[in-house]
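# A look at the structure
Residues per chain, in single letters:
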Amino acid sequence: MSTLSPKTPGWLDWYRAPSRPRFTLPPGTVDTHCHVFGPQAEFPFAPERKYTPCDGGKEDLFALRDHLGVSRNVLVQATCHGADNSAMVDAVRAAGGRARGVATVRPDITDRELRELHEAGVRGVRFNFLRRLVDTSPKEDLATIAARIAPLGWHVVLYFESADLPELADFFGALPTPLVIDHMGRPDVTRPVDGPEFTGFLRFVAGNDVWVKVTCPERLTVTGPAALDGERHAYTDVVPFGRRVVEEFPDRVLWGTDWPHPNLKSHMPDDGLLVDHIPHVAPTAEQRRRLLVDNPMRLYWPEEATGPARPARSEEREEADEAVSSAP
Ligand SMILES: O=C(O)c1cc(C(=O)O)oc(=O)c1
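Residues numbered from 1 in each chain as written. Predicted model: local features only at pLDDT ≥ 70, side-chain atom pairs only at ≥ 80, totals over all residues. Heavy atoms only, no water.

### Details of the overall build of the chain
For the chain, the helix and strand inventory stands at eleven helices and eight strands. The C-alpha atoms of the chain give a radius of gyration of 19 Å, which matches the 20 Å a tight globule of 328 residues would have. Considering only C-alpha atoms, the chain reaches an extent of 60 × 45 × 35 Å along its principal axes. Taking all 328 residues of the chain together, 56% fall into the buried category. Of the contacts formed within the chain by residues at least 6 apart in sequence, a portion of 77% connects residues at least 24 apart. Counting only carbon and sulfur atoms, one obtains 53% of the accessible surface of the chain, whose full area is about 13700 Å². (Helix = DSSP H or I, 4+ residues; strand = E, 2+ residues; numbered from the N terminus. Rg over C-alpha atoms; globule rule 2.2 N^0.38 Å. Buried < 20%, exposed > 50% of the residue type's maximum accessible area, 1.4 Å probe, protein only. Contact = heavy atoms within 4.5 Å. Areas by Shrake-Rupley, 256 points an atom, 1.4 Å probe, with all protein chains shown as cover.)

Written out as structure tokens, the structure is:
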């Protein structure tokens, strides 16, 4: 019997008794960013991982989904499982059509393995550029992977630090698939929302085939307050960034919980209060319908999507460019 690895010191477990959200999610809401961790005894973590989490298996995820009033999930491969997608795929299969997956693959993956992932419900791959999470991200390998998955109609999910976007933007822009950016590109929320850094990010989104996850205020916040102890106006320092993205790209934004919240050491949010954060970044019912239902359905379940068709790229780009250039 193999011995289980202990958690990384300082690791905070996910919140065991989330409050019931006061904000009622619209029917059909998709949580487009969540993970499963193990359970380790069944799905060992990857030897090359940078952290060892607590367990956060599919039953716990499905219980949270039902508690919050979420309809579907998109399970994003967590780095602690490396390129072994078996825990994620097992959870997607167990969800019986109510989940999709985003995998991590190596360039030598076979066509057959890709087809199996597709059949299981995988619709994208994740490229990770955070040095605290992965050793290397060789661009040649990533370009090879992107070329392999493009014919399947998949997209590439990108996780990077905002400071690295200028160096990475040309590479991203040349990828042959739609792109989905994790956690709003990790803005430094102590800088102005109208400053050069976030404006550069918005321009990148405007000029490319990009979707943005308006996720992880708990990770981006500096001054809070945290989504704990009944706080329904949490993370006010992150709100202007989320709101800006929702306003400028209403049909290209996605929401998610990020459960079980890897690598949080300052505090662990109450997931019910994270749901109550949504109306602060998407104040109108129309914005929320797109963010929570129409957009994720178009990206992950296009065969079922009923929302309004997406405008032609050129039309949308012009509108977005105008919006960004007219920013104060
Ligand atoms: O910021 C993080 O630490 C983090 C890590 C992972 C992962 O390890 O996959 O995923 C995320 O979405 C965020």
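### Looking at the pattern of salt bridges
Two side chains with opposite charge may pair up if their charged atoms get near one another. Counted under the stated rule, the structure contains 26 salt bridges. Between Asp66 and Arg65 there is a salt bridge, with the nearest N and O atoms lying 2.9 Å from each other. Classification of Asp66 as partly exposed rests on a relative accessible area of 47%. A salt bridge links Glu167 to Lys139, with the shortest nitrogen-to-oxygen separation between them at 2.7 Å. Highlighted residues: Glu167 in helix 5 (residues 165–173) and Lys139 in helix 4 (residues 139–149), separated in sequence by 28 residues. Sharing partners across several salt bridges, the network here consists of Glu286, Arg289, Arg290 and Asp294. (Salt bridge = Lys/Arg side-chain N within 4 Å of Asp/Glu carboxyl O.)

### So, the UniProt feature "domain: Amidohydrolase-related" (unreviewed entry) in the chain
Per the UniProt entry, the sites bearing "domain: Amidohydrolase-related" (unreviewed entry) are residues 30–300 in this numbering. Annotation note: span residues 30–300, helix share 38%, strand share 13%, distance between end C-alpha atoms 10 Å. (UniProt positions renumbered as here; feature names shortened; annotations may be inferred.)

### Re the nonpolar core
Among the nonpolar cores identified, the biggest contains 101 residues, and Phe127 and Phe172 are the most heavily contacted of them. Once residues within four sequence positions are removed from consideration, Phe127 is found in contact with Leu142, Ile145, Ala146, Val156, Val157, Leu158, Tyr159 and Leu175. (Core = buried A, V, L, I, M, F, W, Y, C linked by side-chain atoms within 4.5 Å.)

### Observations concerning the site of the ligand
Lining the immediate surroundings of the ligand are 16 residues, of which Tyr51, Thr79, Arg132, Tyr159 and Asn263 lie closest. At 2.8 Å, a side-chain N or O of His33 approaches an oxygen atom of the ligand. Note that an oxygen atom of the ligand is positioned 2.9 Å from one of the side-chain N or O atoms of His183. Isolated, the ligand exposes 330 Å² of accessible area, and the fraction of that covered by the protein chains is 100%. Most atoms of the ligand, that is more than half of them, are within 2 Å of grid points of the second largest cavity. The class makeup of the residues in the shell around the ligand is five nonpolar, six polar and five charged. (Near = heavy atom within 4 Å. Polar contact = N/O pair within 3.5 Å; in protein donor to acceptor, adjacent residues only side chain to side chain. 1 Å grid on protein atoms, 1.4 Å probe; cavity = no way out; pocket = protein on both sides within 12 Å on 5 of 7 lines; lining within 4 Å. Sits in = over half its atoms within 2 Å of the grid points. Nonpolar A, V, L, I, M, F, W, Y, C, P; charged D, E, K, R; others polar.)

### What to know about the pairing of strand 2 (residues 72–76)
Among the five residues that make up strand 2, five are buried, leaving the element largely enclosed by the rest of the structure. Covered by surrounding structure in strand 2 are Arg72, Val74 and Val76 together with Asn73 and Leu75, the residues of both alternating faces. Handedness of the crossover joining strand 1 (residues 30–34) and strand 2 through helix 1 (residues 58–68) is recorded here as right-handed. Where strand 2 lies against strand 3 (residues 99–103), four bridges are found, and the strand directions are parallel. Bridging from a neighbouring strand, Leu75 pairs with Gly101 of strand 3. A crossover links strand 2 with its parallel partner strand 3, the connecting element being helix 2 (residues 86–94), and its sense is right-handed. (Right-handed = clockwise from strand over helix to strand, strands pointing away. Pairing = 2+ DSSP bridges.)

### Focus on helix 6 (residues 196–207)
If you check helix 6, its first and last C-alpha atoms are 16 Å apart, about what twelve residues at 1.5 Å a residue would give, namely 16 Å. When helix 6 is considered as a whole, its buried residues turn out to be Phe198, Thr199, Phe201, Leu202, Phe204, Val205 and Ala206. (Expected span 1.5 Å × (residues − 1).)

### A closer look at the sheet that holds strand 2
Reading across the sheet, the eight strands line up as 1-2-3-4-5-6-7-8 and stay open at both edges, with parallel pairing between neighbours. With one partner strand each, in any of the chains shown, strand 1 and strand 8 (253–254) form the two edges of the open sheet. Relative to strand 5 (residues 155–159), strand 4 (residues 122–128) runs parallel, the two sharing five bridges. Residue pairing across strands places Asn128 opposite Tyr159, the latter belonging to strand 5.

### Things to note about a negative patch on the surface
A surface patch of like charges, here negative, comprises Glu42, Asp55, Glu59 and Asp60. Note on placement: Glu42 falls in the loop between strand 1 and helix 1. (Patch = residues over 30% accessible without salt bridge, like charges linked within 9 Å, V, L, I, M, F, W, Y side chains within 5 Å. Lys, Arg positive; Asp, Glu negative; His and termini not counted. Charge placed at Lys NZ, Arg CZ, Asp CG, Glu CD.)

### Observations concerning the environment of Leu12
Note on placement: Leu12 falls in the segment before strand 1. In the structure, Leu12 is positioned 255 residues away from His267 in sequence and 7.3 Å away in space, judged by C-alpha atoms. Excluding its chain neighbours within four sequence positions, the residues that come into contact with Leu12 are Leu264, Lys265, Ser266, His267 and Met268.

### So, the layout of surface pockets
As a volume, the largest pocket reaches approximately 540 Å³. What lines the largest pocket is a set of 25 residues, among which Thr104, Val105, Arg106, Val134 and Thr136 lie closest to the centre. Elements represented by at least two residues in the lining of the largest pocket include exactly strand 4 and helix 4. No other element matches strand 4, which puts four residues into the lining of the largest pocket. Residue classes in the lining of the largest pocket are distributed as twelve nonpolar, seven polar and six charged. (Points joined across faces, edges and corners; volume = space filled by probe spheres on them.)

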